[in-house]
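Working through the structure, step by step
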Amino acid sequence: MKSRIFHTQSEEETIALGEKLAAELPAEAVVLLIGNLGAGKTTLAKGIVKGLGAAHPDEVSSPTFTLIHEYGANVYHVDLYRLDRAEQVATIGLDEIFDRKAVVLIEWGERFPELMPVERVEIRLRVVEDGREISVLANDDYG
Ligand code: ADP
Ligand code: MG
């Protein structure tokens, strides 16, 4: 996957971008969705899940309370917002999910870098005047 910067001007465009990025993801991938509340992490996840053919976007919501949602057999959506300590994160079974041949989308995973696999895609989302700036950093490009 190549590193690039995108701009989207609506929720629909963010979902469409997620679909496009989904097509580039390997079957086994960990994707950190990084950005403030409201930046569009869950919206982009909707598009990725849709693009992977795992669920309809309306079925995708932030797993803020359940921590992990599973869509189909091999797409996971994780939200670590409510966890404060690495010891708590270590109890929810992420390692087992990382071992599967699955796409794992993670919100707030950058707060626990030591628990994230080195091989990952980082997608940063930022609110800008006319929408969102969304930058993709694939680990093959990490200097
Ligand atoms: P997060 O998961 O980062 O907290 P959400 O995806 O839940 O953010 O919410 C992001 C909000 O921004 C949603 O209301 C969505 O409709 C909106 N949004 C997404 N992309 C854009 C865009 N390009 N321009 C304007 N609003 C957007
Ligand atoms: Mg969210």
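Residues numbered from 1 in each chain as written. Chains lettered and ligands numbered in written order. Predicted model: local features only at pLDDT ≥ 70, side-chain atom pairs only at ≥ 80, totals over all residues. Heavy atoms only, no water.

1. A word on the coordination of the magnesium ion (ligand 2)
Coordination of the magnesium ion (ligand 2) by the protein involves Thr-42 (OG1), Ser-62 (OG) and Glu-107 (OE), with metal-donor separations of 2.2 to 2.8 Å. For Ser-62, a relative accessible area of 27% translates into the label partly exposed. (Donors = N, O, S within 2.8 Å, 3.2 Å for Na, K, Ca; no water. Buried < 20%, exposed > 50% of the residue type's maximum accessible area, 1.4 Å probe, protein only.)

2. Some points on the sheet that holds strand 7 (residues 131-138)
By way of backbone hydrogen bonds, the strands of a sheet pair with one another, either parallel or antiparallel. One open sheet accounts for 7 strands, arranged 1-7-6-2-5-4-3; its pairing is mixed. The open sheet has two edge strands with one neighbour each: strand 1 (4-8) and strand 3 (68-71). Here the average twist between neighbouring strands, direction ignored, is 20°. The sheet contact formed by strand 2 (residues 29-34) and strand 5 (residues 103-107) spans 5 bridges and is parallel. Pairing of Val-30 across the sheet is with Val-104, part of strand 5. (Pairing = 2+ DSSP bridges. Helix = DSSP H or I, 4+ residues; strand = E, 2+ residues; numbered from the N terminus. Axes fitted to C-alpha atoms, helices over the stretch in contact; angles between N-to-C directions.)

3. What to know about the site of ligand 1
Every one of the 16 residues lining ligand 1 counts as a neighbour, but Glu-11, Thr-14, Gly-38, Lys-41 and Thr-43 are closest to it. Between an oxygen atom of ligand 1 and a side-chain N or O atom of Thr-43, the distance comes to 2.6 Å. At 2.8 Å from an oxygen atom of ligand 1 is found a side-chain nitrogen or oxygen belonging to Arg-132. Taking 580 Å² as the accessible area of ligand 1 by itself, protein coverage stands at 73%. For the shell around ligand 1, the element with the highest residue contribution is helix 2 (residues 41-51), accounting for 3 residues. Tallied by class, the residues present in the shell around ligand 1 amount to 2 nonpolar, 10 polar and 4 charged. (Near = heavy atom within 4 Å. Polar contact = N/O pair within 3.5 Å; in protein donor to acceptor, adjacent residues only side chain to side chain. Areas by Shrake-Rupley, 256 points an atom, 1.4 Å probe, with all protein chains shown as cover. Nonpolar A, V, L, I, M, F, W, Y, C, P; charged D, E, K, R; others polar.)

4. Section: helix 1 (residues 11-24)
End to end, helix 1 covers 21 Å across 14 residues, agreeing with the expected 20 Å (1.5 Å per residue, within 8%). Within the sequence span of helix 1, burial applies to Thr-14, Ile-15, Leu-17, Gly-18, Leu-21 and Ala-22. For helix 1, the angular spread of the buried residues around the axis is 155°, confining them to a single face. Exposed residues on helix 1 whose side chains face more than 90 degrees from its buried face are Glu-12 and Ala-23. Residues of helix 1 that are buried make contact with strand 1, helix 2, strand 6 (121-128) and strand 7. (Expected span 1.5 Å × (residues − 1). Arc of directions from axis to C-beta. Contact = heavy atoms within 4.5 Å.)

5. Section: the environment of Val-60
Within the secondary structure, Val-60 sits in the loop between helix 2 and strand 3. A residue is classified by how much of its surface remains accessible, and Val-60, at 1% relative accessible area, is buried. Distance in space between the C-alpha atoms of Val-60 and Val-128 is 24 Å, their sequence separation being 68 residues. Those residues in contact with Val-60, other than ones at most four positions away along the chain, are Ala-45, Lys-46, Val-49, Tyr-71 and His-77.

6. Side note on the layout of surface pockets
Within this model, the largest pocket holds a volume of roughly 250 Å³. Taken together, 14 residues form the lining of the largest pocket, with Pro-26, Glu-28, Ala-29, Val-30 and Glu-119 sitting closest to its centre. (1 Å grid on protein atoms, 1.4 Å probe; cavity = no way out; pocket = protein on both sides within 12 Å on 5 of 7 lines; lining within 4 Å. Points joined across faces, edges and corners; volume = space filled by probe spheres on them.)

7. With respect to the nonpolar core
Of all hydrophobic cores here, the largest spans 24 residues; its most connected members are Leu-25, Val-31, Leu-33, Leu-44, Val-49, Leu-105 and Ile-123. Of all the secondary-structure elements, those providing two or more residues to this core are helix 1, strand 2, helix 2, strand 5, strand 6 and strand 7. Leu-105 has contacts with Val-31, Leu-33, Ala-45, Ile-48, Val-49, Tyr-76, His-77 and Val-78, leaving out every residue within four places of it along the chain. The next biggest cluster of nonpolar side chains, apart from the first, holds 20 residues, and it includes Leu-94, Ile-97, Val-104 and Ile-106. (Core = buried A, V, L, I, M, F, W, Y, C linked by side-chain atoms within 4.5 Å.)

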